[in-house]
Amino acid sequence: MLIRFNIKNFLSFSDREDGRSEEFSMIAGKVRSKKEHLYEDGKLKLLKFAAVYGANASGKSNLVKALDFMQRIVVSGFPEGHTDRYCKVAAECRDQESYFELEILLNDKYYAYGFEVILNQSRFTSEWLVELTADNKERLIFSRDIVKGTYEFGGAVKTKGLLEKLNVYAEDIQEDSGVLLLSIMNQNKKTLYQQFEQAAIFQDVYMWIRNGLDINYPDRPISDYSYMAETENVEEICRIIAAFGTGITDFQMVEVPAEKVLGHLPKRIQEDLLADMEKKTVDRKTEPDEAATGIIMRSNRDFFILNIDKEGNMICRTIKFSHGKKNILFELSEESDGTVRLLDLLEVLMSESGKTYIIDELDRCLHPGLTYKFVETFLELAAQRNIQLIVTTHESRLLDFDLLRRDEIWFVNKRRSGESDIYSLEEYNARFDQKIDKAYLEGRYGGVPVFNTVFPVREV
């Protein structure tokens, strides 16, 4: 689970007035109500939901992009266009370090992983991973001062045999300021993790960043619908779908001609898919007891699963939906934008994996009442699960103390200089009987647009 995220010198985030990084936190505040919204382990209380508000161009999406950027760097290296992502409000930011740090709850322990990087030069300057204790102390796992060319390992990873190997890996990248040790430790290291269980922390933190952080943008599909394709509890999914007033009463997996699906794809993609499916066929012959595996293809309006059965035949399936009592099936492309959006969001409600979902513009294509109902349902389900949902939104109906805690509401506001500040409603000590949505729209907490006259009346 996410504890905190700190960012500095990235897009519209510069630093605070005291020079510290901007901070987004899922640590619960002093609110006493709605304790079922929290994860508690006796040492820490974490929120399971947060809504981030702000005017257009205030920087809400930049918070999402910052988390996405950190994830991409760790998993895949520098993404395209990274040299231009520093905060441009001041000329000196160009050659200054950008700061990224995640604090996470993992296997009942707390960790902080981060790095500093000069984006314009594609050069890391430091990297660290520490365990955080309940008494606010740090236990070093590793740290690198890349500028000075030094590194250090600590704690359980200093065991004999493992430390020698870690030193070799660290030495190998000492002259390369463009790579992260955490990334290197998750490239072809299977034997290492089998030999030394103490090394698992490198893999665990990496896999949480890679798979535990699920980041979604409004112009991309959120789900691959695997929760529908693989579930045995069709009735439960249908019950949830029906509760949101979509009119859908049932869904089925239906076979469609594979040639018809592949025929719409560019030739190069067809060849890549067929080569991948052929490889799966070969693998099946060497491991005949393995279950059939497939490839999920998802676009904004279509969904298909390509499978190779045990006889080597290609099977293509898609999902179709029933409305009302008549058994007439409709394709995904025939459903409304709002229904498709909701079907995407259902993955969050069905998830048991303990992920932290980040969704930019939750309310896109959704009726205000439906957005409210979705968040309400998530909070009810999350009371029994260790799962988090962080959203950006303009939907003021969520600003309701009957629904949310004060510390679950965040704002992003842009200064006159163009820098973004992020802060919680907790800082305002708002009364629980106050109309928060009205106060927000009146600009009491910032994060709302300031309008000038669009067509000023000229004096004659």
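Residues numbered from 1 in each chain as written. Predicted model: local features only at pLDDT ≥ 70, side-chain atom pairs only at ≥ 80, totals over all residues. Heavy atoms only, no water.

### As for the overall build of the protein
Each helix and strand in the protein was counted, giving twelve helices and 20 strands. By residue count, 49% of the 460 residues in the protein fall in the buried class. Nonlocal contacts in the protein, meaning residues at least 24 apart in sequence, comprise 62% of its contacts between residues at least 6 apart. Accessible surface computed for the protein: about 23,600 Å², of which carbon and sulfur atoms make up 46%. (Helix = DSSP H or I, 4+ residues; strand = E, 2+ residues; numbered from the N terminus. Buried < 20%, exposed > 50% of the residue type's maximum accessible area, 1.4 Å probe, protein only. Contact = heavy atoms within 4.5 Å. Areas by Shrake-Rupley, 256 points an atom, 1.4 Å probe, with all protein chains shown as cover.)

### Here we look at the sheet that holds strand E19 (residues 409–414)
Read across the sheet, six strands follow the order E11-E17-E18-E5-E19-E20 without closing on themselves; strand pairing throughout is mixed. Looking at the sheet topology across the chains shown, the edges are occupied by strand E11 (213–216) and strand E20 (420–424). Strand-to-strand twist of the sheet, defined as the mean angle between neighbouring strand axes without regard to direction, takes the value 15°. Alignment of strand E5 (residues 49–53) against E19, held across three bridges, turns out to be parallel. By the bridge assignment, Val52 is partnered in E19 with Trp410. Helix H10 (residues 337–350) rests against E11, strand E17 (356–359) and strand E18 (388–392) of the sheet, and its axis sits at about 155° to E17. (Pairing = 2+ DSSP bridges. Axes fitted to C-alpha atoms, helices over the stretch in contact; angles between N-to-C directions.)

### Details of the side chain of Asn6
Looking at where Asn6 falls in the secondary structure, it is placed in strand E1 (residues 2–8). A distance of 3.3 Å separates the side chain of Asn6 from the side chain of Glu23, its partner in a polar contact. Contact partners of Asn6, with chain neighbours within four places excluded, come to Ser21, Glu22, Glu23, Tyr99, Phe100 and Glu101. (Polar contact = N/O pair within 3.5 Å; in protein donor to acceptor, adjacent residues only side chain to side chain.)

### Some details on helix H11 (residues 368–382)
Over its 15 residues, H11 runs 21 Å from end to end, which matches the ideal 21 Å to within 8%, given 1.5 Å per residue. Elements that come into contact with the buried residues of H11 comprise E5, H10 and E18. (Expected span 1.5 Å × (residues − 1).)

### Some points on the nonpolar core
One finds Phe5, Phe24, Phe100, Leu102, Tyr113, Phe115 and Phe202 to be the most contacted residues of the largest nonpolar core, which totals 64 residues. Of all the elements, helix H1 (residues 60–76) adds the most residues to this core, at eight residues. The residues contacting Phe24, other than those within four sequence positions of it, are Leu2, Arg4, Phe5, Ala50, Val52, Leu63, Ile390, Trp410 and Ile422. Among the nonpolar cores identified, the runner-up in size contains 48 residues, and Ile237, Phe244, Phe321 and Leu404 belong to it. (Core = buried A, V, L, I, M, F, W, Y, C linked by side-chain atoms within 4.5 Å.)

### Describing the packing of aromatic side chains
This model, assessed by the stated rule, comprises 16 aromatic pairs. Ring geometry for Tyr113 against Phe115: centres 6.3 Å apart, planes inclined by 65°, an arrangement best described as edge-to-face. Taken together, the aromatic side chains of Phe10, Phe69, Phe78, Phe100, Tyr113, Phe115 and Phe124 make up a single cluster linked through ring pairs. Over the face of the ring belonging to Tyr86 we find Lys88, whose NZ or CZ atom lies 6.0 Å from the ring centre. For Lys189, the ring lying beneath its charged end belongs to Tyr169, and the centroid distance is 4.7 Å. (Phe/Tyr/Trp six-rings, centres within 6.5 Å; stacked < 30°, edge-to-face > 60°. Lys NZ or Arg CZ within 6 Å of the ring centre and 35° of its normal.)

### Considerations on the environment of Arg16
Along the chain, Arg16 turns up in the loop between E1 and strand E2 (22–25). What makes Arg16 partly exposed here is its relative accessible area of 32%. Along the backbone, Arg16 and Asp421 are 405 residues apart, and their C-alpha atoms lie at a distance of 7.6 Å. If sequence neighbours within four positions are ignored, Arg16 has contacts with Ser21, Glu22, Glu23, Arg415 and Ile422.

### Overview of the pattern of salt bridges
Taken as a whole and judged by the stated rule, the model has 14 salt bridges. Of the charged contacts, one joins Glu331 and Lys320 as a salt bridge, the two residues approaching to 3.9 Å between their closest N and O atoms. In this pair, Glu331 sits in strand E16 (residues 329–331) while Lys320 sits in strand E15 (residues 314–323), placing the two residues eleven residues apart along the sequence. According to the relative accessible area criterion, Glu331 is partly exposed, its value standing at 35%. Under the relative-accessibility criterion, Lys320 is labelled buried at 18%. Sharing partners across several salt bridges, the network here consists of Arg16, Glu22, Arg415, Glu419 and Asp421. (Salt bridge = Lys/Arg side-chain N within 4 Å of Asp/Glu carboxyl O.)

### Structural notes on the sheet that holds strand E8 (residues 123–132)
By definition, the strands of a sheet pair up through backbone hydrogen bonds, in either a parallel or an antiparallel sense. If you trace the seven strands from one edge of the open sheet to the other, you get E2-E1-E6-E7-E8-E9-E10, paired in antiparallel fashion. The two strands at the open ends of the sheet, each matched to only one other strand, are E2 and strand E10 (150–153). With strand direction ignored, the average angle separating the axes of adjacent strands in the sheet is 10°. Across nine bridges, the pairing between strand E7 (residues 109–118) and E8 is antiparallel.

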